[in-house]
Amino acid sequence: MKGLYEDRPIRVAGLSCRLSISKRVTIVSVMAVLSLLLSITLLLSRASGTPVSTPRHKSCNTVDEGYQCFSEVSHLWGQYSPYFSVDDESAFSDHIPDHCQVTFAQVLSRHGARYPTEGKSKKYAKFIKDIQRNVTSFRGKYAFLQSYSYSLGADVLTPFGENQLVDLGIKFYRRYEALTRDTVPFIRASGSDRVIASGEKFIQGYRKAKLGDSKAEHSQSSPIVNVIIPETAGFNNTLDHSTCTAFEKSEVEDQAEDQFMDTFTPAILKRLEKDLPGAKLSKKEVVYLMDMCPFDTVALTRGGSQVSPFCDLFTRHEWVQYDYLQSVKKYYGYGAGNPLGAAQGIGFANELIARLTQSPVKDHTSTNSTLDSNPATFPLNATLYADFTHDNTMISVFFALGLYNRTQPLSQTSVQSIKETNGYSAAWTVPFGARAYVEMMQCKGEEEPLVRVLVNDRVIPLLGCDIDQHGGCKRDDFIQGLNFVTSGGNWAQCSA
Ligand SMILES: *[C@@H]1O[C@H](CO)[C@@H](O)[C@H](O)[C@H]1NC(C)=O
Ligand SMILES: *[C@@H]1O[C@H](CO)[C@@H](O)[C@H](O)[C@H]1NC(C)=O
Ligand SMILES: *[C@@H]1O[C@H](CO)[C@@H](O)[C@H](O)[C@H]1NC(C)=O
Ligand SMILES: *[C@@H]1O[C@H](CO)[C@@H](O)[C@H](O)[C@H]1NC(C)=O
Ligand SMILES: *[C@@H]1O[C@H](CO)[C@@H](O)[C@H](O)[C@H]1NC(C)=O
């Protein structure tokens, strides 16, 4: 884990940008430097008002915009992209309307950037050794591979990933200042170390922001992770799937992955085998080599201020294909492409309805009734909630809520643009440090509160109810539109 920091010279903030794929990328690098300078300037200008936003050194990451360096490729790493604030110039502004007051906010967040999972780590390490054993000469942009020593950790957050969650705590505090100033959020985490650690880092950022806020109520206790829901077999957990037997046995995701890999890996494989004489690659290994780019990047330095040399080995077009592969996997794994994908999100959606209406949870899917009927583990009177989870469960929740019902079934044979998928992609929905906000507000002249959903700062116009000019719906209409959720959907098929 440490090796990486010791072995490598620390290169300075984007200024020594190593990308050289094409002129286009050179221009992108220049833009990255410019945007970096711009963000530093912005940070400096904000710093005078709010002590928490002192510029972190070598940062490609800001509290408000997330990761913006090398965005022409770094926003194309599927769920391995670091969170970036999504701006699609959609019709809906993410600002809280002036005549409205937020009365409730729930954040559902993915953990921050992590090292590869244990299983993948072993595969990557072996693969790199195999390359080093087989290949007879390493030239040009491949030269680093000859002596690259795989030394990434496994499963846990990288320092960069921890920092992402600190940033989220700050951002959440600021956005919902009307509430955060004098209330404490109720916090749950799914029981894996990186998810729990994410909740703790969120709290760190939240406290930091509160300390810097002179208008805050400082006598209050600090937030804590109130509930950790175990990820052990048989434990009902709305923040991690596992109890739906038929779903766990499903092979829809693997089939879709295989099919799309067939369309784009052969050309890359051919080039790599030509450039790396002696290598004999499988299509999975082509993807492994691509995976190394985001993983090595988020492990590199605290600010992720440079990209890994692995990123240089592929063109932007190939990153578009890689990104789409990840979107296909999530769609057919946990979204509408899997008959039981959305069912995995029903439990959380029912908990959300209970919180929005301050009434007991009605669910017979993945909720644990012991936990959810106890005010100590599932209070109904809080106004701020934060839950920490995994990418897969977030996808299921999004589809249970129908947020991407405008997305047509994803092609498994050709890349579809983000326009064609109506704003659905793995990078736009569940990057490292992803966050969805469900906010409720009371607006002047309205009886019924308004509910909106934002995914990585993008307002998702709700479906199943009449949206207003802010992209939200009246609470009752919203809930009425969620009959898939309130009826228990097709959960019964889990035991089929
Ligand atoms: C539900 O939660 C309770 C309290 O933590 C626990 O004892 C029980 O094993 C859980 N049951 C299931 C099925 O998740
Ligand atoms: C290396 O060579 C071995 C033996 O031919 C082969 O089984 C393996 O797939 C090769 N791996 C790579 C990455 O070239
Ligand atoms: C756990 O979930 C199953 C399946 O929905 C349900 O039958 C059971 O009652 C739940 N257990 C608890 C403790 O909520
Ligand atoms: C919610 O209710 C519990 C008692 O059931 C109370 O201890 C707690 O202070 C209340 N919280 C808020 C935010 O009102
Ligand atoms: C989204 O689509 C699913 C599947 O067709 C449907 O069951 C659900 O009601 C829709 N949700 C909304 C909110 O429209």
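The model shown is predicted, which means the values in this text are computed figures rather than measured ones. (Residues numbered from 1 in each chain as written. Chains lettered and ligands numbered in written order. Predicted model: local features only at pLDDT ≥ 70, side-chain atom pairs only at ≥ 80, totals over all residues. Heavy atoms only, no water.)

This brings us to the pattern of salt bridges. The tally for this structure, following the rule as stated, stands at 22 salt bridges. Here Arg110 ties to Asp391 by a salt bridge, and the two come within 3.4 Å at their closest N and O atoms. Linking Arg110 in strand β3 (residues 100-110) with Asp391 in helix α15 (residues 391-400), this pair joins segments that are 281 residues apart in sequence. One salt bridge connects Lys283 with Asp262, and the closest N-O pair in it is separated by 2.5 Å. Taken together, the positions of Lys283 in helix α11 (residues 283-300) and Asp262 in helix α10 (residues 252-275) put the pair 21 residues apart, joining distant regions of the chain. Residue Lys283 is classed as partly exposed on the basis of its relative accessible area of 24%. Salt bridges sharing common partners tie together Arg188, Glu351, Arg355 and Asp387. (Salt bridge = Lys/Arg side-chain N within 4 Å of Asp/Glu carboxyl O. Helix = DSSP H or I, 4+ residues; strand = E, 2+ residues; numbered from the N terminus. Buried < 20%, exposed > 50% of the residue type's maximum accessible area, 1.4 Å probe, protein only.)

Let us look at the packing of α11 against helix α12 (residues 316-334). α12 packs onto α11 with a crossing angle of 95° between their chain directions and a minimal axis gap of 11 Å. Of the possible angle classes, the one that applies to α11 and α12 is roughly perpendicular. Contact residues: α11 offers Val287, Met290, Asp291, Cys293 and Pro294, while α12 offers Glu318, Trp319, Tyr322, Leu325 and Gln326. Each residue belonging to the contact of α11 with α12 can be placed in one class, and the counts come to seven nonpolar, one polar and two charged. (Axes fitted to C-alpha atoms, helices over the stretch in contact; angles between N-to-C directions. Parallel < 35°, antiparallel > 145°, perpendicular 65-115°, else oblique. Contact = heavy atoms within 4.5 Å. Nonpolar A, V, L, I, M, F, W, Y, C, P; charged D, E, K, R; others polar.)

For His390, the location among the structural elements is in the loop between β6 (384-389) and α15. Under the relative-accessibility criterion, His390 is labelled buried at 8%. A polar side-chain atom of His390 sits 2.7 Å from a polar atom in the side chain of Glu231. (Polar contact = N/O pair within 3.5 Å; in protein donor to acceptor, adjacent residues only side chain to side chain.)

A few words on the confidence of the model for the protein. Confidence in the prediction of the protein, expressed as mean pLDDT, is 89, and 88% of residues score 70 or more. Confidence drops under a pLDDT of 50 for residues 36-57, and excluding neighbours within four residues, the segment shows 24 contacts in the predicted structure. (pLDDT = per-residue confidence, 0-100.)

Take the site of ligand 1 next. Neighbouring residues of ligand 1: Gly234, Phe235, Asn236, Asn368, Thr370 and Leu371. A distance of 2.7 Å separates an oxygen atom of ligand 1 from a polar atom in the backbone of Asn236. Within the side chain of Asn368, a nitrogen or oxygen atom sits 2.3 Å from an oxygen atom of ligand 1. Contact with the protein chains covers 53% of the free accessible surface of ligand 1, which is 360 Å². (Near = heavy atom within 4 Å. Areas by Shrake-Rupley, 256 points an atom, 1.4 Å probe, with all protein chains shown as cover.)

Let's shift gears to the state of the cysteines. All told, the structure shown has five disulfides when counted by the stated rule. One disulfide in the model links Cys244 with Cys494; its S-S distance is 2.1 Å. Taking the sign of the S-S torsion, -95° for the link of Cys244 and Cys494, the bridge is left-handed. Note that Cys244 is positioned in the loop between β5 (225-229) and α9 (245-248) and Cys494 in the segment after α18 (483-486), a separation of 250 residues in sequence. Residue Cys494 is classed as buried on the basis of its relative accessible area, which comes to 5%. Numbered in order of appearance, the disulfide-bonded cysteines of the protein are paired 1-2, 3-7, 4-10, 5-6, 8-9. (Disulfide = S-S within 2.5 Å.)

What follows concerns the environment of Ile268. By secondary structure assignment, the location of Ile268 is in helix α10. According to the relative accessible area criterion, Ile268 is buried, its value standing at 1%. Between the alpha carbons of Ile268 and Lys283 there is a distance of 8.9 Å; along the sequence they are 15 residues apart. Sequence-distant contacts of Ile268, defined by excluding residues within four places in its chain, comprise Val286, Met290, Phe314 and Glu318.

The terminal C-alpha atoms of helix α13 (residues 346-357) lie 16 Å apart, and with twelve residues this matches the ideal 16 Å at 1.5 Å per residue to within 8%. In terms of residue burial, α13 counts as a mostly covered element, since eleven of its twelve residues are buried. The complete set of buried residues in α13 reads Ile346, Gly347, Phe348, Ala349, Asn350, Glu351, Leu352, Ile353, Ala354, Arg355 and Leu356. (Expected span 1.5 Å × (residues − 1).)

The next thing to look at is the UniProt feature "active site" (unreviewed entry) in the protein. Under the local residue numbering, the UniProt record ascribes the feature "active site" (unreviewed entry) to His111 and Asp391. The named residues occupy 281 residues along the chain; their greatest pairwise C-alpha distance, 8.2 Å, places them in one compact cluster. Counting through the fold element by element, His111 comes out in the loop between β3 and α4 (118-134). For His111, a relative accessible area of 1% translates into the label buried. For His111, the residues in contact, after removing those within four places along its chain, are Leu157, Leu165, Arg194, Val195, Ser198, Thr389, His390, Phe432 and Gly433. For His111, the side chain forms a polar contact with the side chain of Arg194, separated by 3.1 Å. Beyond its immediate sequence surroundings of up to four residues, Asp391 is in contact with Gln79, Arg110, Lys330 and Val430. Within the local environment of Asp391, its side chain forms a polar contact with the side chain of Lys330, the two groups lying 3.1 Å apart. (UniProt positions renumbered as here; feature names shortened; annotations may be inferred.)

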